[in-house]
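# Close look at the chain arrangement
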Amino acid sequence: AFCLFSDKDIIYMCHFNGAVKGKVLITNYRLYFKSSDADVTVMLDVPLGAISRVEKMGGASSRGENSYGLDITCKDMRNLKFALKQEGHSRRDIFELLFRHAFPLSHGLPLFAYVTQEKYAENGWNIYKPVEEFRRQGLPNNKWRITFINKSYDLCDTYPTVLAVPFKSKEEDLRRVAAFRSRARIPATGGGYEGDEYQNAELVFLDIQNIHVMRESLKKLKDIVYPNVEESHWLSSLESTHWLEHVKLVLSGAIQVADKVSSGNSVVVHCSDGWDRTAQLTSLAMLMLDSHYRTLRGFQVLIEKEWISFGHKFASRIGHGDKNHADQDRSPIFVQFIDCVWQMTKQFPTAFEFNEHLLLTILDHLYSCRFGTFLYNCESAREQHVRSKTVSLWSLVNSKMDIYLNPFYTPESGRVLYPVASMRHLELWVTYYIRWNPRIRQQQQSPVEQRYKELLALRDEYLKKLEQLQLSDSSTSSRLANSPTANTSSTTSTPTQQYTHLQTPF
Amino acid sequence: LHQHCCKIFTFLLTVGVTLSFFFICLSPGEIVVNEVNFVRKCISAESNQDDPWGKLICTNFKVSFIPQEAPPKQKSQLSHLLLGEHDIPLTCLEQVVTVNDTKGKKKVLGSNQKLKFNPTELILYCKDLRIIRFCFDEAGPESARKVCLAIAHYSHPADLQLLFGFEYQGRRYHECKVNGSTPRGGMQTPIFDRPSDWDREIKRTSASEWRVCSINESYAISPSLPEYIVVPVSLADQDLKQYSLYFTDRRIPLWCWNHPNGSALVRMACIVDPLHQRKIDQRIFTAITKSHTQRSEVIRSDLDKCLPNIQDIQSAFVKVRQICVLDPFEESEERWLSSIDNSRWLEYVRAFLKHSAEIVYYLEGKNVSVILQEEEDRDLNCVVSSLVQLMLDPHYRSLIGFQSLVQKEWVMAGHRFLDRCNHLKKNYKEESPLFMLFLDCVWQMMNQYPAAFEFTEAYLTVLSDSMWIPLFSTFLFSSPKQRAQHLMDFAKNKAIPQGEDQVVYFPPVWEWSQQFSIKDQTLFNNPMYVGKGAACVQNGEVKTFRRTKKTYSSTLRGTATLMRNGLKEGEDTLTRRGSLVSELKSEFSAVKDESPSERFFRDWFSRPADQQGLLIPLSMPSHVALWKLFFLRWVPEACIPRGGPITAYHKLSQLVDEIEILQSQLRQYKGPSPGNTPLPSPSGPPSDQRRMYFKASYPDDPATTPDFFTSSFPFTPVGNLCRRSVYGTPISKFLNGARIWLSTETLANDTV
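Each chain has its residues counted from 1, following the order in which its sequence is written. Throughout, the order in which chains and ligands are written sets their labels, letters from A for the former and numbers from 1 for the latter. The model is predicted, so local features are restricted to residues of pLDDT at least 70 and side-chain atom pairs to those at 80 or more, both for listing and for counting; the totals for chains, interfaces and linings are taken over all residues. Side-chain numbers come from the whole structure's heavy atoms, not from hydrogens or water.

### Remarks on the overall build of chain B
Just so we agree on the cut-off: Under the scheme used here, helices are H or I runs from DSSP no shorter than 4 residues and strands are E runs no shorter than 2 residues, and both carry numbers assigned from the N terminus. Only protein chains enter the accessibility calculation, which uses a 1.4 Å probe; a residue whose area is less than 20% of its type maximum is buried, one above 50% is exposed, and one in between is partly exposed. Each accessible area is a Shrake-Rupley estimate made with a 1.4 Å probe; only the visible protein chains count as cover when residues are assessed.
Scanning chain B for helices and strands turns up 25 helices and 17 strands. Looking at chain B as a whole, 62% of its 752 residues qualify as buried. Summing over all exposed atoms, chain B offers an accessible surface of approximately 28,800 Å²; the carbon and sulfur share of this is 53%.

### Overview of the overall build of chain A
Rules: Residues count as neighbours in contact if any of their non-hydrogen atoms are within 4.5 Å of one another.
Secondary structure summary: chain A contains 16 helices and nine strands in total. Split into buried and exposed, the 506 residues of chain A put 56% on the buried side. Long-range contacts, defined here as pairs at least 24 residues apart, represent 68% of the contacts in chain A between residues at least 6 apart. For chain A, the exposed area adds up to about 21,900 Å²; of that, 51% sits on carbon and sulfur atoms.

### Points about the state of the cysteines
Residue and element names in this part refer to chain B. Heads up, the rule is: Defined by distance alone, a disulfide is two cysteine sulfur atoms within 2.5 Å.
Considering all chains together, one arrives at zero disulfides over all chains under this definition. Not engaged in a disulfide, the cysteine Cys-92 finds its nearest cysteine sulfur in Cys-126; these two sulfurs lie 4.9 Å apart. Under the relative-accessibility criterion, Cys-92 is labelled buried at 2%. No disulfide involves Cys-421; its sulfur sits 11 Å from that of Cys-92, the nearest cysteine.

### Notes on helix H21 (residues 596-605) of chain B
Within H21(B), nine of the 10 residues are buried, which leaves it mostly tucked inside the rest of the structure. Buried within H21(B) we find B:Pro596, B:Ser597, B:Glu598, B:Arg599, B:Phe600, B:Phe601, B:Arg602, B:Trp604 and B:Phe605.

### Notes on the UniProt feature "binding site: substrate" (unreviewed entry) in chain A
Residues and elements named next belong to chain A. Going by this rule: UniProt positions are given in the numbering used here, feature names are shortened, and annotations may be inferred rather than shown by experiment. Whenever two N or O atoms come within 3.5 Å, that pair is a polar contact, provided that in protein one can donate a hydrogen and the other can accept it, and provided that, for residues adjacent in sequence, both atoms are side-chain atoms.
Under the UniProt annotation, "binding site: substrate" (unreviewed entry) lies at Asn-210, Ile-211, Cys-271, Ser-272, Asp-273, Gly-274, Trp-275, Asp-276 and Arg-277. Of note, Asn-210 is situated in the loop between helix H3 (171-180) and helix H4 (211-225). Judged by its relative accessible area of 40%, Asn-210 falls in the partly exposed class. Looking at Asn-210, its side chain comes within polar contact range of the main-chain nitrogen of Val-213, at 2.9 Å.

### Side note on the environment of B:Met268
Residue and element names in this part refer to chain B. Take Met-268: it is sitting in strand S12 (residues 264-268). Spatially, the C-alpha atoms of Met-268 and Asp-302 are 9.9 Å apart, while their sequence positions differ by 34 residues. Those residues in contact with Met-268 that sit more than four places away from it in its chain are Phe-247, Pro-253, Asp-281, Ile-284, Arg-300, Ile-371, Leu-372, Gln-373, Glu-374, Asp-377 and Asn-381.

### Some details on the packing of aromatic side chains
Applied cut-off: Think of it this way: a Phe, Tyr or Trp ring, Trp meaning its six-membered ring, pairs with another when their centres are within 6.5 Å, and the plane angle makes it stacked under 30 degrees, edge-to-face over 60, tilted otherwise. In our convention, an over-ring charge means Lys NZ or Arg CZ found within 6 Å of a ring centre and within 35 degrees of that ring's normal.
Applying the stated criterion across every chain, the model contains 71 aromatic pairs over all chains. Between the aromatic rings of B:Phe708 and B:Phe713, the centroid separation amounts to 6.2 Å while the plane-to-plane angle is 35°, which identifies the pairing as tilted. Through a chain of ring-to-ring contacts, the aromatic side chains of B:Phe402, B:Trp410, B:Phe417, B:Phe435, B:Phe438, B:Phe453, B:Phe455, B:Tyr459, B:Phe475, B:Trp512, B:Phe516 and B:Phe524 assemble into a single cluster. In this structure, A:Lys56 packs its charged tip against the face of A:Phe95, placed 4.6 Å from the ring centre. Just above the ring of B:Phe329 sits the side chain of A:Arg424; from NZ or CZ to the centre is 4.0 Å.

### Some details on the pattern of salt bridges
The condition is simple: The salt bridge definition used is simple: a Lys or Arg side-chain nitrogen within 4 Å of an Asp or Glu carboxyl oxygen.
Evaluated as defined, the whole model comprises 64 salt bridges over all chains. Of the charged contacts, one joins A:Lys464 and A:Glu461 as a salt bridge, the two residues approaching to 3.6 Å between their closest N and O atoms. Here A:Lys464 and its partner A:Glu461 are both found in helix H16 (residues 447-477), three residues apart, which amounts to about one turn of the helix. Residue classification places A:Glu461 among the buried positions, given a relative accessible area of 9%. Through salt bridges that share partners, B:Arg251, B:Arg267, B:Asp377, B:Lys408 and B:Glu409 make up one connected network.

### Considering the nonpolar core
Inside soluble globular proteins, nonpolar side chains tend to come together where they are buried. Put simply, the test is: Among the buried residues, those of types Ala, Val, Leu, Ile, Met, Phe, Trp, Tyr and Cys that are joined through side-chain atoms within 4.5 Å form a nonpolar core.
Counting 302 residues, the largest nonpolar core has A:Phe299, A:Phe334, A:Tyr433, B:Phe402, B:Phe438 and B:Phe631 as the members making the most contacts within it. Considering each element in turn, this core owes the most residues, 12 residues, to helix H11 (residues 345-365) of chain B. Residues contacting B:Phe402, with those up to four places away along its chain left out, are B:Leu390, B:His395, B:Tyr396, B:Phe438, B:Leu439, B:Val442, B:Phe455, B:Tyr459, B:Leu460 and B:Leu463. Judged by nonpolar contacts, the second largest core, of 22 residues, contains B:Ala451, B:Val542, B:Leu666 and B:Tyr669.

### Structural notes on empty space enclosed by the protein
Residues and elements named next belong to chain B. Definition in use: Lining residues are those with an atom within 4 Å of a point, where the points come from a 1 Å grid over the protein atoms alone and group into cavities, where a 1.4 Å probe fits but cannot get out, or pockets, open sets with protein on both sides within 12 Å along at least five of seven lines. Grid points are joined across faces, edges and corners, and a volume is the space filled by probe spheres set on the points. The nonpolar class holds Ala, Val, Leu, Ile, Met, Phe, Trp, Tyr, Cys and Pro. Asp, Glu, Lys and Arg form the charged class, and all remaining residues, Gly among them, are polar.
Summed over all chains, the structure comprises 10 cavities of 30 Å³ or more. Reported here for the second largest cavity is a volume of approximately 230 Å³. Every element with two or more residues in the lining of the second largest cavity is listed here: helix H8 (310-326), helix H14 (417-421), helix H15 (434-448) and helix H16 (457-466). No other element matches the four residues that H8 contributes to the lining of the second largest cavity. Counted by class, the lining of the second largest cavity contains 11 nonpolar, four polar and eight charged residues.

### Considerations on the pairing of S12(B)
Residues and elements named next belong to chain B. Basically, it comes down to this: Here, strands pair whenever DSSP counts at least two bridges between them.
Counting buried residues in S12 gives five out of five residues, a clear majority hidden from the surface. As paired elements, strand S11 (residues 254-258) and S12 share four bridges and run antiparallel to each other. In the sheet register, Asn-258 faces S12, and the bridge partner there is Ala-264. Between S11 and S12, which pair antiparallel one after the other, the connecting turn spans five residues, and Gly-262 there sits at a positive phi close to 100°.

### Section: the sheet that holds strand S2 (residues 53-59) of chain B
Residues and elements named next belong to chain B. What counts, and what does not: To define axes, lines are fitted to C-alpha atoms, for helices over the stretch in contact only, and angles between the resulting N-to-C directions are given on a 0 to 180 degree scale.
Taken in spatial order, the eight strands make up an open sheet running S4-S3-S2-S1-S8-S7-S5-S6, and their pairing is antiparallel. Across the chains shown, the open sheet's two edge strands, defined by having one partner strand only, are strand S4 (88-89) and strand S6 (105-109). Where strand S1 (residues 32-42) lies against strand S8 (residues 131-135), three bridges are found, and the strand directions are antiparallel. Considered in S8, the bridge of Lys-41 is made with Phe-134. Together, S1, S2, strand S3 (62-67), strand S5 (93-100), S6 and strand S7 (121-126) form the strand contacts of helix H2 (residues 141-154), whose direction differs from that of S1 by roughly 115°.

### Some thoughts on helix H6 (residues 274-290) of chain B
Residues and elements named next belong to chain B. As a reminder, the rule being used: By this rule the span expected of a helix is its residue count minus one, scaled by 1.5 Å.
For H6, which comprises 17 residues, the first-to-last C-alpha distance of 25 Å matches the rise-based estimate of 24 Å (1.5 Å per residue) to within 8%. Buried residues of H6: Ile-280, Asp-281, Ile-284, Phe-285, Ala-287, Ile-288 and Thr-289, and no others. Packed against the buried residues of H6 are strand S9 (210-213), strand S10 (229-232), helix H5 (237-244), S12, strand S13 (298-302) and strand S14 (369-373). Its side-chain oxygen 3.0 Å from the backbone nitrogen of Leu-275, Asp-273 forms the N-cap of H6.

### Section: the side chain of B:Arg130
All names here are of chain B. Here Arg-130 is to be found in the loop between S7 and S8. Overall, Arg-130 belongs to the buried group, its relative accessible area being 8%. With residues up to four places along the chain from it excluded, the contact list for Arg-130 reads Glu-85, Asp-87, Ile-88, Pro-89, Leu-124, Tyr-125, Trp-634, Asn-720 and Leu-721.

### Quick notes on a positive patch on the surface
As a reminder of what qualifies: Patch membership requires over 30% relative accessible area and the absence of a salt bridge. Like charges are linked within 9 Å, and nonpolar side chains (Val, Leu, Ile, Met, Phe, Trp, Tyr) within 5 Å. His is not counted, nor are the chain ends, whereas Lys and Arg count as positive and Asp and Glu as negative. Charged groups are reduced to one reference atom each: NZ for lysine, CZ for arginine, CG for aspartic acid, CD for glutamic acid.
Residues B:Lys103, B:Lys105, B:Lys114 and B:Lys116 make up a contiguous surface patch of positive charge. When its relative accessible area of 31% is taken as the criterion, B:Lys105 is described as partly exposed.

### Concerning unusual backbone geometry
Here A:Leu139 and A:Pro140 are connected by a cis peptide whose omega angle stands at 0°. In this structure, A:Pro140 sits in the loop between helix H2 (130-136) and strand S8 (144-147). Going from B:Phe713 to B:Pro714, the amide bond is cis rather than trans, its omega being 5°. As for its position among the elements, B:Pro714 is in the loop between helix H23 (646-668) and helix H24 (737-742).

### Examining the packing of helix H7 (residues 277-289) of chain A against helix H8 (residues 296-309) of chain A
Residues and elements named next belong to chain A. Going by this rule: What sets the label is the angle itself: under 35 degrees gives roughly parallel, over 145 gives roughly antiparallel, 65 to 115 gives roughly perpendicular, and the rest give oblique. By convention, the crossing between two helices is left-handed when the near helix turns anticlockwise from the far helix through less than a right angle, and right-handed when the turn is clockwise.
Contact geometry of H7 with H8 gives a least axis separation of 10 Å together with a crossing angle of 150°. Overall, the two elements H7 and H8 adopt an arrangement that is roughly antiparallel. As H7 packs across H8, the resulting crossing turns out to be right-handed. Between H7, through Ala-279, Gln-280, Thr-282, Ser-283, Met-286 and Leu-287, and H8, the contact on the second element is made entirely by Phe-299, Leu-302, Lys-305, Glu-306 and Trp-307. Of the residues that constitute the contact of H7 with H8, the class distribution is six nonpolar, three polar and two charged.

Right under this line is the structure:
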């Protein structure tokens, strides 16, 4: 990243602290603001990719203090207002810089992912290998076969190159089916569970609304949480956004799919194009059915497979680097999926290997354009440059895995996880949607998780101490010490030596 | 004792005792009143295939159902020592409803009533939110009718002394006496019925300008105040006696707590005589100012003016209960959030938390003493004073500290438990779940600061359930005087030697071994608790935070600066207007013109929270949640199988148990023994001393989530919530639970 603009005095019109004087720094990746008043410390760090709209407010004739400046709308649930002096051309300069670098694609510039030179220990692009993933699921077998029919994306340009299709289906049949389906998207396997191909289909309508409804719903949610949380009739206001209701319908749809699959039926999941609702339902159902996807790496595979490879139109839904903020193709479908995953982690605190921090990181980089992972609409468009020229988000994650691990995780392979899709249990994800509110203490981790990690460290410290004591014994008596925790026999021995410095009752 | 009832049931009594002798567990003093066989307990609304059959019994303590076939004993959940899985204490019954399905009749039964039809079923609405339904399709109609009448009759005791505790504790006392009892049953919770308990509290909080006053000994001044109270040293007994005449119920101001900065929390009733108001106010305020080490001013918060009243709270609770357990599950899904909103329960919880935080700001941030004032000083003041202390003083977040807080601010301060719980089911207008509201507020704080409390939400839930078991002196009386009188009469009647300690012969709820085994009581322990002297790892070294009593004053330094800033900028909004009294306003202004208290809160929230310091709950509506374990534990549809918070608690509990074993091993560690004698392996503490419910796991333990883990743990929804699903039948409109449960008074007189 390089600096484009720095150290200019600016006033940040904070919704919480009022006008805050400070310095602004703009690079080709981020907008950074720090207050100069010793009294209030306000810091802003916004990736330009998160900006959906930049507008000038006030004109030459504007009266009133701080009415002249910039109004920035972000994709991540916040709005920022800056006031500037009318003299000079600082507003024009900042506006043009922001406009150009927040929307590089509208200006013939590359996305930041192509500019950055970040290096990581692990290459995240290797996380998902389709044939290996099919093999893990026991494919091919006598019901399903792997086809390379789409090798050069000539069957369906929005599908991946490697597909699993019913064993008996002939290549020419697939081509004929493709001709009939919307954008040639033939049915292919999601969960990879054995079944009777596509026969005995039972039609279930799930009543889930379209992408426009979801977009409006999230917009309404933003209205009631930013800048201030609606004080009166909060729950009624929340209900009227319908956001949790949509989350509920998606989750309960996925539960129905998972239930059918686990009882031995095959399920064809589809929506009009098969890249929005379908991706949500298949990936959530797979998360419920297959514990592998609940691991840190497995979850990355799931996103790569069901979202990225199967052609969720990230570019259109998010609008990376594009100035057209009112584009009707934009919709928070992926955010909704991550919200559903979060709801599941809340109901089953020990079932997922990853923690909330991973989900927050994924959503932050969904917009940031720092990684190649969520760019483009489908594999065919991505193939040409992304893997070689950009860094994968999973490189970042897998190079520092421990901060994304859930200490409570208890692997239970083969367990099918059915969340309760009821309003009684669905909660607003406040640590995501209301995280910009300074009234809420910024926490890296949930307090429960943090406390558990502290206790784990304490346990290890005691184990080390005990080991040291036993080692110093064995040097004189050459006896191997028993594993301390594996022994809880109730032998009572009079303590001859008190380690007073360790008497630490809880 | 049961004279007039016995007339009706004499013959049944004799039969009952002999028949049920081998099946029912009777507590000392418990007798079977009536019973009926071949009863079906409805456990699911749809099919009756799994419904257990058995005998329904009414005793003078409980309604009991004894299944014919013993169900497989469910492991690892809270089992009550006196109450079985299917038992309901009579005091826990809110409403007894009989139904005749074929005739389309129903009747809410009260005491001494007639029933003109043979009931086909009995629905029991319980105060702990259970709804239990029995069907008599195979039972003798006459016996069924009699059992229903007996249950209705015995659940409406004519007199307080008829509550089972008075029979039970007498027997228990004499039985225990044989073994000899330790003073106060070994109980550590101070009761505040003696000067020493108050003295200790004065010393603990360094309230040197306050003294224990005994003018109310033998309740000479006020029947609702405790015998010993704490007052400013500058006020003489004679003055206090004189002032007492002007207060409601002669309740002079009561000291609650002292902040290390010298400011005090005081509660008082209203002054009855408006002519003397100014004069008395002035004297009280001067005395409190004198007792402040920095002679700071005093402000007063009139809780009647800014908080919901007891009727509001009651109606909110009735609504939220209705939404949670009565409304059909699926149909209420769509409007769930707005229904909860419209009940206003969470709004009230929030109001109390917010107001208490505001008081904390005055004590901590502004260094002034606060008087909580309420008409009678026996309801809202109990909630607010205890919440304020819970936020400011970590001592009250320990188990013993919390119990002493309830004892001090509720039981001894004269909260009308008898009336508010409506144990005698006489005056519904006085009923109000204030203590429940307090427990919900505590839960909200616990939810936000999970490592700050020594106890768990299971403890709070069990405590709320204990209100409906009439065995403890804690929840049975409306004032200290009433308690003393009843217990004195009781002692006389039961031949308990004079001078015996009330706590020994009629123990409070705090003696938990009355209800649960030592093992089950470990469910109350929060493995996350960061208590005094908690060990932690710093830079790879185990360190112990040894804390002095006044650790919480560490928060003071920061706030003192803040206050100076506040004053410097002239933001002091307190109005004085020549009066000593500054009325406390609770208004939350818009962001830009931030009030000093908002600034105080913002400053506090910008720093990391110290679990052993001041804790302020977030009171934004988005951060006040429905207490699911309490409200939804019986709802089968809302139960998350093999999920919920218990799965994390399980792992925490195992880890802490392992740590405690290691600690004990390190303490007991012996050096190498001389010679070649094998070294006894260092052991953990004996299992009865282990504090954790779940024991450390072994490497070869299967790592699966036990089946009994549900979001309702340690409770089970099976058979505890049977709503009727009889839509479309003529009876359905009668059986709309809402109408039955909500309009107690109107329906009680509704005869069929």
